Amino acid sequence: MKKKDIKKLLAQMTIEEKAGLLSGLDGWHTKPVDRLGIPSIMMADGPHGLRKQRLGNDVGLGNSYEATCFPTASLLACSWDKELAAKQGQAIGEEASDQDLQIVLGPGNNIKRSPLCGRNFEYFSEDPCLSGNIAAGIINGIQSEGIGTALKHFAANSQEANRLVIDERISERALREIYLRSFEIPVKEAKPTSLMCAYNKINGDYCSQSKWLLTDILREEWGFKGIVMSDWGAVDNRPQGVYAGLDLEMPSSFGINDKEIVKAYKGKKTAMKSHDKHFDNTLSEKEIDACCERMLKLIFSQNEKRNVRKCDYKSHHEIAAEIAKECMVLLKNEKLLPLKEGTKVAVIGEMAKKPRFQGSGSSQVTVSTVSKPLDEIKKYAEVEYAQGYSLDDDKDTSKIAKAVKAAKDKDAVIIIAGLPDNYESEGFDRSHMNIPESHLRLIEKVSKVNKNVVVVLCNGSPVAMPFVNDVSAILEAYLSGQAGAKAMAEILFGKANPCGKLAETFPMKIEDTPSYLDRWGNEKTVNYGEGIFVGYRWYEKRKLPVLFPFGHGLSYTTFKYSDLEISTDEASENDIITVKIKVKNTGKYDGKEIVQLYVEDLSDNVMRPVKELKAFEKIMLLTGEEKTVEFTLDRRAFAYWDDIHHDWCVNSGTFRIHVGASSADIRLTDEIKINAEPKQKKITIYSTFRDLRMHKNGEAAAEEILRIFGKSKEEVYSDDEKDNITSLDWCILRNFITMFGMKLSISKLQKILDKVNEE
Ligand code: BGC
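Residues numbered from 1 in each chain as written. Predicted model: local features only at pLDDT ≥ 70, side-chain atom pairs only at ≥ 80, totals over all residues. Heavy atoms only, no water.

Q: Honestly, the overall build of the protein in this entry has me stumped. Any pointers?
A: Of regular secondary structure, the protein possesses 22 helices and 27 strands. Computed over its C-alpha atoms, the radius of gyration of the protein comes to 29 Å, within 12% of the 27 Å expected for a compact globule of 759 residues. Taking the principal axes of the C-alpha coordinates as reference, the protein spans close to 95 × 75 × 45 Å. Each of the 759 residues in the protein was classed as buried or not, and the buried ones make up 62%. Here the contacts in the protein between residues at least 6 apart in sequence split such that 75% fall between residues at least 24 apart. Each charge class in the protein can be summarised by its mean position, and for the 107 positive and 113 negative side chains these summaries are 2 Å apart. (Helix = DSSP H or I, 4+ residues; strand = E, 2+ residues; numbered from the N terminus. Rg over C-alpha atoms; globule rule 2.2 N^0.38 Å. Buried < 20%, exposed > 50% of the residue type's maximum accessible area, 1.4 Å probe, protein only. Contact = heavy atoms within 4.5 Å. Lys, Arg positive; Asp, Glu negative; His and termini not counted. Charge placed at Lys NZ, Arg CZ, Asp CG, Glu CD.)

Q: What's the story with a positive patch on the surface in this structure? I'm lost.
A: Among the surface-exposed residues, Lys-3, Lys-191, Lys-225 and Lys-297 lie close enough to one another that they form a single positively charged patch. Locating Lys-225 in the fold gives a position in the loop between helix 8 (211-221) and strand 8 (227-229). With relative accessibility at 63%, the residue Lys-225 sits in the exposed group. (Patch = residues over 30% accessible without salt bridge, like charges linked within 9 Å, V, L, I, M, F, W, Y side chains within 5 Å. Areas by Shrake-Rupley, 256 points an atom, 1.4 Å probe, with all protein chains shown as cover. Salt bridge = Lys/Arg side-chain N within 4 Å of Asp/Glu carboxyl O.)

Q: Explain the packing of helix 14 (residues 400-408) against helix 15 (residues 437-449) here, please?
A: In helix packing, the relevant descriptors are the interaxial angle and the interaxial distance, both defined with respect to the helix axes. At a minimum axis distance of 9 Å, the contact between helix 14 and helix 15 shows a crossing angle of 30°. Viewed along their axes, helix 14 and helix 15 adopt a mutual orientation that is roughly parallel. Handedness of the helix 14/helix 15 crossing: right-handed. Here Ile-400, Ala-403, Val-404, Ala-407 and Lys-408 of helix 14 lie close against helix 15, whose contacting residues are Ser-438, Arg-441, Leu-442, Lys-445, Val-446 and Val-449. Among the residues making up the contact of helix 14 with helix 15, the classes are represented as seven nonpolar, one polar and three charged. (Axes fitted to C-alpha atoms, helices over the stretch in contact; angles between N-to-C directions. Parallel < 35°, antiparallel > 145°, perpendicular 65-115°, else oblique. Left-handed = near helix turned anticlockwise from the far one by under 90°. Nonpolar A, V, L, I, M, F, W, Y, C, P; charged D, E, K, R; others polar.)

Q: Honestly, the domain arrangement of the protein in this entry has me stumped. Any pointers?
A: Accessible area lost during the coming together of the parts is what is often quoted as the interface size. In terms of domains, the protein is made up of domain 1 (1-39 + 228-236 + 245-304), domain 2 (321-548), domain 3 (559-675) and domain 4 (689-757). Measuring from the centre of the C-alpha atoms in domain 2 to the corresponding centre in domain 4 gives 63 Å. (Domains from an automatic or database assignment.)

Q: Whenever I open this one, the sheet that holds strand 20 (residues 577-585) confuses me. Can you help?
A: In sheet architecture, strand pairing relies on hydrogen bonds along the backbone and comes in two forms, parallel and antiparallel. Pairing is antiparallel across the open sheet formed by three strands, whose spatial order is 18-20-23. One side of each edge strand has no neighbouring strand; the edge strands of this open sheet are strand 18 (559-566) and strand 23 (626-633). Adjacent strand axes in the sheet meet at a mean angle of 20°, parallel and antiparallel pairs treated alike. (Pairing = 2+ DSSP bridges.)

Q: I would appreciate a short explanation of the pattern of salt bridges in the present structure.
A: Two side chains with opposite charge may pair up if their charged atoms get near one another. Applying the stated criterion across every chain yields a total of 63 salt bridges. Between Glu-530 and Arg-113 there is a salt bridge whose closest N-O contact spans 2.5 Å. Residue Glu-530 is found in the loop between strand 16 (525-527) and helix 17 (536-541), and its partner Arg-113 is found in the loop between strand 2 (103-105) and helix 5 (128-143); the two are separated by 417 residues along the sequence. On the accessibility criterion, Glu-530 (7% relative accessible area) is buried. Where Glu-704 meets Lys-748, a salt bridge forms, and the shortest distance between an N and an O atom there is 3.4 Å. Placement of the pair is Glu-704 in helix 19 (residues 698-708) and Lys-748 in helix 22 (residues 746-757), with a sequence separation of 44 residues. Classification of Glu-704 as partly exposed rests on a relative accessible area of 25%.

Q: Where do I start with helix 1 (residues 3-12) in this structure?
A: Side chains that are three or four residues apart share a direction in an α-helix, a result of its 3.6 residues per turn. Taken residue by residue, helix 1 has Ile-6, Leu-9 and Leu-10 as its buried positions. One face of helix 1 carries all of its buried residues, which in axial projection span an arc of 100°. Facing away from the buried side of helix 1 by more than 90 degrees, the exposed set consists of Lys-4, Lys-8 and Ala-11. Where helix 1 is buried, its residues contact helix 2 (15-21) and helix 11 (285-304). (Arc of directions from axis to C-beta.)

Q: What's the story with the site of the ligand in this structure? I'm lost.
A: In the vicinity of the ligand, 14 residues are found, and the nearest of them are Asp-45, Arg-119, Lys-152, His-153 and Asp-231. Take Arg-119: an N or O atom from its side chain is 2.7 Å from an oxygen atom of the ligand. Between an oxygen atom of the ligand and a side-chain N or O atom of Tyr-199, the distance comes to 3.0 Å. Calculation on the ligand without its partners gives an accessible area of 310 Å², and the protein chains cover 94% of this total. (Near = heavy atom within 4 Å. Polar contact = N/O pair within 3.5 Å; in protein donor to acceptor, adjacent residues only side chain to side chain.)

Q: Honestly, helix 5 in this entry has me stumped. Any pointers?
A: The end-to-end C-alpha separation of helix 5 is 22 Å, in line with the 22 Å expected for 16 residues at 1.5 Å each. In this structure Asp-127 caps helix 5, since a side-chain oxygen of it lies 2.8 Å from the backbone nitrogen of Cys-129. (Expected span 1.5 Å × (residues − 1).)

Q: Before we go on, may I ask you to explain empty space enclosed by the protein in this structure?
A: Empty pockets left among the atoms are what a rolling probe the size of a water molecule brings to light. All chains considered together, the criterion is met by four cavities of 30 Å³ or more. Volume-wise, the largest cavity comes out at about 90 Å³. If you go around the largest cavity, you meet 13 residues; those closest to its centre are Lys-112, Pro-115, Glu-126, Thr-505 and Tyr-539. Of the residues contributing to the lining of the largest cavity, the split by class is five nonpolar, four polar and four charged. (1 Å grid on protein atoms, 1.4 Å probe; cavity = no way out; pocket = protein on both sides within 12 Å on 5 of 7 lines; lining within 4 Å. Points joined across faces, edges and corners; volume = space filled by probe spheres on them.)

Q: Help me out: how do you make sense of the sheet that holds strand 19 (residues 570-572) in this one?
A: One open sheet holds the five strands; their spatial order is 19-27-26-21-22, and the pairing between them is mixed. Here the strands that pair on one side only, and so sit at the sheet edges, are strand 19 and strand 22 (612-621). The mean inter-strand angle of the sheet, taken between neighbouring strand axes irrespective of direction, is 30°. In the sheet, strand 21 (residues 591-601) pairs with strand 26 (residues 653-662) via six bridges, with the strands oriented antiparallel. Pairing of Val-599 across the sheet is with Ile-657, part of strand 26.

Q: What exactly am I supposed to notice about the packing of aromatic side chains here?
A: How two aromatic rings sit relative to each other is set out by the distance from centre to centre and by the angle between their planes. Summed over all chains, the structure comprises 16 aromatic pairs. With a centroid separation of 5.0 Å and an interplanar angle of 80°, the aromatic rings of Phe-638 and Phe-655 are classed as edge-to-face. Taken together, the residues Phe-638 in the loop between strand 23 and strand 24 (640-642) and Phe-655 in strand 26 connect sequence positions 17 residues apart. Across this residue pair, the class does not change: Phe-638 and Phe-655 are buried. (Phe/Tyr/Trp six-rings, centres within 6.5 Å; stacked < 30°, edge-to-face > 60°.)

Q: Would you take a moment to explain unusual backbone geometry for this structure?
A: Glycine aside, residues mostly have negative phi, and peptide bonds are mostly found in the trans state. Residue Ala-155 is reached from Phe-154 by a cis peptide bond, and omega for that bond is 10°. The amide bond that connects Met-250 to the next residue, Pro-251, takes the cis arrangement and shows omega of -10°. Among the structural elements, Pro-251 can be located in the loop between helix 9 (238-244) and helix 10 (256-265). The phi dihedral of Lys-543 is positive, around 50°, even though this residue is not glycine. Looking at the secondary structure, you find Lys-543 in the loop between helix 17 and strand 17 (546-548).

Q: It is not clear to me how the packing of helix 4 (residues 82-98) against helix 5 should be interpreted in this structure. Could you clarify?
A: Relative to each other, helix 4 and helix 5 sit at 35°, their axes nearing to 6 Å. Remark: the crossing between helix 4 and helix 5 carries right-handed chirality. For the pair helix 4 and helix 5, the contacting residues are Lys-82, Ala-85, Ala-86, Gly-89, Gln-90, Ile-92 and Gly-93 in the first and Asn-133, Ile-134, Ala-136, Gly-137, Ile-138, Gly-141 and Ile-142 in the second. Of the residues that constitute the contact of helix 4 with helix 5, the class distribution is seven nonpolar, six polar and one charged.

Right, here's the structure in full:
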């Protein structure tokens, strides 16, 4: 529908109808306005498969229509493949069309601040470049089918503990570089139709009513044109939400908040507390119309694209398996894998029969079929199965003896272990990184009787691995969707070459993790004290050893990196730089390699991470084949967020480009000099003398001030070096009035400074 028609429609709506449009009809639909022909559209979870409830008003879990459960975000991110993410998105989009849904509530792309967040399986990475790009891929895929998306949860929803009230104290820099960046990339690149705001507060404001977040940054800076909906039950002060740019409250508030909007419009202050000093608890029609206009645009455009098509769920099971195959991460392999077809293996662990392939909570999909590791492995080997542990009682070690017996005389042993369902979920966080004691004891005892043990891990987030040195191989399968077991068996028996790499660091122990000292805060606030040092940015800066580094993943083949070439030795901050390298498959298997590019700022002007991921590419190489990979870097690849200027800034100086196979396996480096225009600080009486001297117009003013005190520049600074620091440099300019004997008045000083700040 055209803009002018939307405006016409809006003009015919009563204020009550307008208010009504801004909240759900029930759990999953928008409100129709029949008399004006405004239809209703439907949305449903979620990020890795649909959960369309059988009843529109049912906001509970369970009772949803069958759909395909694809690999969860925790695994999909390990593909480092935007196209693959788009493929998954497209398949989800096809199912949404079949089930007559207009919006899919996903993807989730909050940053993994701690490995303990219960919902990490629904999120991609600790790094915003990886997370943002994979999210963009999924959105492109879903939207290519004419289905809308709701990128969630905006923003910084990195813990489940107290998620409905927690106030996250986060520096502007950490928000911009890490937590918001993960959203900025997909918002700009993939243009999602909607965003879902987070439950939590950021620096005092609920995300559902933060004008700074929903309007200033999202719409005005990033150019977002879609709607923002609330997370389910995230609304506090509804009129303030309208003022801030929260278009849709979900689910229905049974009319309660619609009335609050009407009341605020009529100038009657709502009983709700305003949290924004600019918001007086009343709303103008213009403010309400802005939300309504966006809602009408979305409803009509999604309704026009409505095209219910049958989809082939069987083929989606195969797609889910293909995707999982491109994602699983071979963490360790001491000449055990791939296993030979026809070998005698023991398959141990109840998860081989009852696989854990998805997480609990709103993302849980009702599936029609699930591949089981035991059945899949049987296709390639002579198998003896032993239960090993009980999923119902994680302390029961009575099943270990039988497993040890089964393991003894086998060519190899495959242990399927990991986190049972009650260890992690939406709604709570873990308190430790351990897998059940019974799994650990089992691995310990079995590895004593057989050298050829491979542990396959099924878990939504990193676990401690006290067995890491006792077993020959470890395959990280994460929560791999309904067909994950098929991928697992194909990788174990060399039908597929593993090509996933970790999207997060596996720490040695929880005490090493960046947020350890202020994980979930108290009941009300949590302090993001580690700032920008999240994930590998933390471990590298602190020089902490890790179990498996960010970006790590093995292959059955080997790759040689050569010929790093940067397009220029020296560039200005606004130039586009290209970096080329060659990668050759030097092993015996065809395979895919993920090439990672990190940037390091060698100047020490600002505290920065050792290096940061800025680009990556996954390439397929046949044995002996060589390809050139080309990356482009723009200003942002070198910039940091400056809390003083509230802007992205680039340090002039040398930057090192690292290209490698993981964050800890850098194969090639080279340097480039970047010339940047320094941002000029506003000089006030509270600026230091050094700030004044360093300002581009400051030198003459500094000399003038010195002259007033009867000093020459040469006397104060022995040589002519601008960088030569004396104790005078740390005086603030106000000190020149009070401390040094009334030779300079405040008005005279202000005049000097006004001149400096001109231009
Ligand atoms: C979750 C969202 C989900 C919504 C609807 C909320 O509790 O945080 O991710 O989309 O429920 O199920």
